[in-house]
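# Examination of the molecular architecture
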Amino acid sequence: MNISKSEQLFSRAQSSIPGGVNSPVRAFKSVGGNPIFLKSAKGAYLYDVDGNRYIDYINSWGPMILGHAFEPVVEAIQKKAADSTSFGAPTELEVEMAELVKSFVPNVDLIRMVSSGTEACMSALRLARGFTGRNKFIKFEGCYHGHADSFLVKAGSGMATFNIQTVPGVTGGVSNDTLTCGYNDLEAVQQLFAENKGEIAAIIIEPVAGNMGCILPQPGYLEGLRRICTEEGALLIFDEVMTGFRLAPGGAQERLKVDADIVTYGKVIGAGMPVGAFGARKEIMQHIAPLGSVYQAGTLSGNPLAMIAGYTLMKHLKENPRIYTDLEEKSAYLEAGLQRVLEAAGTPFVINHLGSMISIHFSDHPVKDFATAASANNALFNKFFHAMLNRGVYLPPSAYETWFLSAALSQEDLDTTITAAEESLREIL
Ligand code: HOZ
């Protein structure tokens, strides 16, 4: 029997890397089978070590909005590397990057670069606590804000995929300050504020959730959170790690017309390099060291290779706003095609979609929060995932993850995906 190179590598990886992967969602543990090891990617396609090609709907979990190995980014990184890969001291490029980001997001006066979305969110929370002098905060069931201790309570993404309820190593002292309630439930938020009067520093939310599949905020929900935060003297943090520079040039804030107090970024801002960022108006950001005493630091923050990658991509997005309309059109076409084949297949389903984020839940009821996402037929999704993979379409290996489209997808790729979905449904139902 032939053992594929991916299988050989996975078996070898497990001797040296926990579970054979450097981040849990990469494992195929919940969908079954073994992860595919990748060799390269270009545009809309991934190539594995066995020479198979896949149409990519993960896009590195969001950063590759223009597809893989976008030439201007690759060239800029190559050129920059010759000037040294890190200084640990300020550079002109960091100033240019901050100015460029601010030109996308009018309510950000000051922005601090970090190395991941996790760092951005944990720093934003510390800042909110430092600014308000309060300890507690609200997060929503099924939202994922990275793996900092405070956020690992009822979290989505890998926590939901692997059904991890509590995380050993996160102390009760930390998680007691994390208040949770269901996404899209404004009354529950009001209740939490009533029960914890004057103690809540912030609400943190994915304005469009992508870590329990794609879940949209219901009309008035984000506006309601905004109003409650203002009334209660708490800060509204938008985790725009997924939505930032993707749903619109100014992210979810622009698209959904709700302003947050602190915004966090990751993914697109780094063009596939390790970059995160958090920003706010000056009144809040001036509490960050060295202006204030909310300490936050990083040897690789503002790293020149990471900055040039992000800057080059972001500049391209700025100069080519047509990319966003193109992504809208492609996503709408994909949704219509999936809708058609799912209806014809006769199985209950829900497609949630905004901009270039989309996902399918096999459900007969609307999916608007973690409970409704969890009660969908996720075993059927797992079968669907494998049937699609066998047809060369690479979806996230979990129903608790959104799909991300890239502008590199061609009409033919979208048609191939829709046909693959039609055949897959025929096979698994
Ligand atoms: N959190 C992202 C997926 N929802 C990707 C990063 C990871 O967990 O590996």
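First, a word on what this report is: a plain description of the structure on this page. (Residues numbered from 1 in each chain as written. Predicted model: local features only at pLDDT ≥ 70, side-chain atom pairs only at ≥ 80, totals over all residues. Heavy atoms only, no water.)

## So, the overall build of the chain
Looking only at helices and strands, one finds 15 helices and 14 strands in the chain. With the C-alpha coordinates of the chain rotated into their principal frame, the extents come out at 60 × 55 × 45 Å. For the chain, long-range pairs separated by at least 24 residues make up 72% of all intrachain contacts whose partners lie at least 6 apart in sequence. Roughly 17,800 Å² of accessible area belongs to the chain as shown, and the carbon and sulfur atoms make up 52% of that amount. In the chain, which carries 35 positive and 45 negative side-chain charges, the distance between the mean positions of the two groups comes to 3 Å. (Helix = DSSP H or I, 4+ residues; strand = E, 2+ residues; numbered from the N terminus. Contact = heavy atoms within 4.5 Å. Areas by Shrake-Rupley, 256 points an atom, 1.4 Å probe, with all protein chains shown as cover. Lys, Arg positive; Asp, Glu negative; His and termini not counted. Charge placed at Lys NZ, Arg CZ, Asp CG, Glu CD.)

## What to know about the site of the ligand
Residues in close proximity to the ligand include S23, V25, W61, Y144, S157, N211, M242, K267 and E401, which together make up its full environment. For the ligand, a nitrogen atom lies 3.1 Å from a polar atom in the side chain of S157. The contact in question runs from a nitrogen atom of the ligand to an N or O atom on the side chain of E401, over 2.6 Å. Along the lines of polarity and charge, the residues of the shell around the ligand split into four nonpolar, three polar and two charged. (Near = heavy atom within 4 Å. Polar contact = N/O pair within 3.5 Å; in protein donor to acceptor, adjacent residues only side chain to side chain. Nonpolar A, V, L, I, M, F, W, Y, C, P; charged D, E, K, R; others polar.)

## A look at the packing of aromatic side chains
The tally for this structure, following the rule as stated, stands at 13 aromatic pairs. Judged by centre distance (5.3 Å) and plane angle (80°), the rings of F104 and F245 are edge-to-face. Note that F104 is positioned in helix α3 (residues 92-104) and F245 in the loop between β8 (235-239) and α9 (251-256), a separation of 141 residues in sequence. Both residues of the pair, F104 and F245, count as buried. With a centroid separation of 5.7 Å and 85° between ring planes, the pair formed by F137 and F151 is classed as edge-to-face. Pair noted here: F137 is in strand β5 (residues 136-140) and F151 is in the loop between β5 and α5 (158-161), with a separation of 14 residues, a long-range link. By way of ring pairs, the aromatic residues F104, F245 and Y265 are connected into one cluster. (Phe/Tyr/Trp six-rings, centres within 6.5 Å; stacked < 30°, edge-to-face > 60°. Buried < 20%, exposed > 50% of the residue type's maximum accessible area, 1.4 Å probe, protein only.)

## Looking at unusual backbone geometry
The amide bond that connects A289 to the next residue, P290, takes the cis arrangement and shows omega of 10°. Looking at the element boundaries, P290 is found in the loop between α10 (282-285) and α11 (304-319). In the Ramachandran plot, N59 falls in the positive-phi region, its phi being about 50° despite a non-glycine side chain. Inspection of the secondary structure puts N59 in the loop between β3 (53-56) and α2 (71-81). We classify N59 as buried; its relative accessible area is 0%. The backbone of N184 shows a phi angle near 70°, a positive value even though the residue is not glycine. Structurally, N184 is set in the loop between β6 (178-181) and α7 (186-195).

## Considering the layout of surface pockets
When its volume is computed, the second largest pocket comes out at roughly 670 Å³. Together, 29 residues line the second largest pocket, and E94, I111, R112, M113 and P290 are the ones closest to its centre. Taken together, the elements giving at least two residues each to the lining of the second largest pocket come down to α3 and β4 (110-114). By residue class, the composition of the lining of the second largest pocket is 16 nonpolar, nine polar and four charged. (1 Å grid on protein atoms, 1.4 Å probe; cavity = no way out; pocket = protein on both sides within 12 Å on 5 of 7 lines; lining within 4 Å. Points joined across faces, edges and corners; volume = space filled by probe spheres on them.)

## Structural notes on helix α8 (residues 221-232)
Two residues of an α-helix separated by three or four positions point the same way, owing to the 3.6 residues in each turn. The end-to-end C-alpha separation of α8 is 16 Å, in line with the 16 Å expected for twelve residues at 1.5 Å each. Of all the residues in α8, the buried ones are Y221, L222, G224, L225, R226, I228, C229 and E232. Against β5, α7, β7 (200-205), β8 and α9 lie the buried residues of α8. Positive backbone phi, at 70°, marks G233, one or two positions downstream of α8. (Expected span 1.5 Å × (residues − 1).)

## What to know about the sheet that holds strand β1 (residues 38-42)
Strand order in the open sheet formed by four strands is β1-β2-β3-β13, with mixed pairing between adjacent strands. Two strands bound the open sheet, and with one partner strand each, they are β1 and β13 (393-394). Inspection of the sheet shows β1 paired to strand β2 (residues 45-48) by four bridges, in the antiparallel sense. Among the inter-strand pairings, S40 is bridged to a residue of β2, identified as Y47. Helix α15 (residues 411-428) contacts β2, β3 and β13 of the sheet and is inclined by roughly 100° relative to β3. (Pairing = 2+ DSSP bridges. Axes fitted to C-alpha atoms, helices over the stretch in contact; angles between N-to-C directions.)

## Considerations on the packing of α3 against α11
Between α3 and α11, the shortest axis-to-axis distance is 10 Å and the interhelical angle comes to 35°. As for how α3 packs across α11, the hand of that crossing is left-handed. Where α3 abuts α11, its residues L93, E94, E96, M97, L100, V101, S103 and F104 lie against P304, M307, I308, G310, Y311, M314, K315, L317 and K318. Split into classes, the residues belonging to the contact of α3 with α11 amount to eleven nonpolar, two polar and four charged. (Left-handed = near helix turned anticlockwise from the far one by under 90°.)

Limitation: the analysis is restricted to geometry and does not speak to function.
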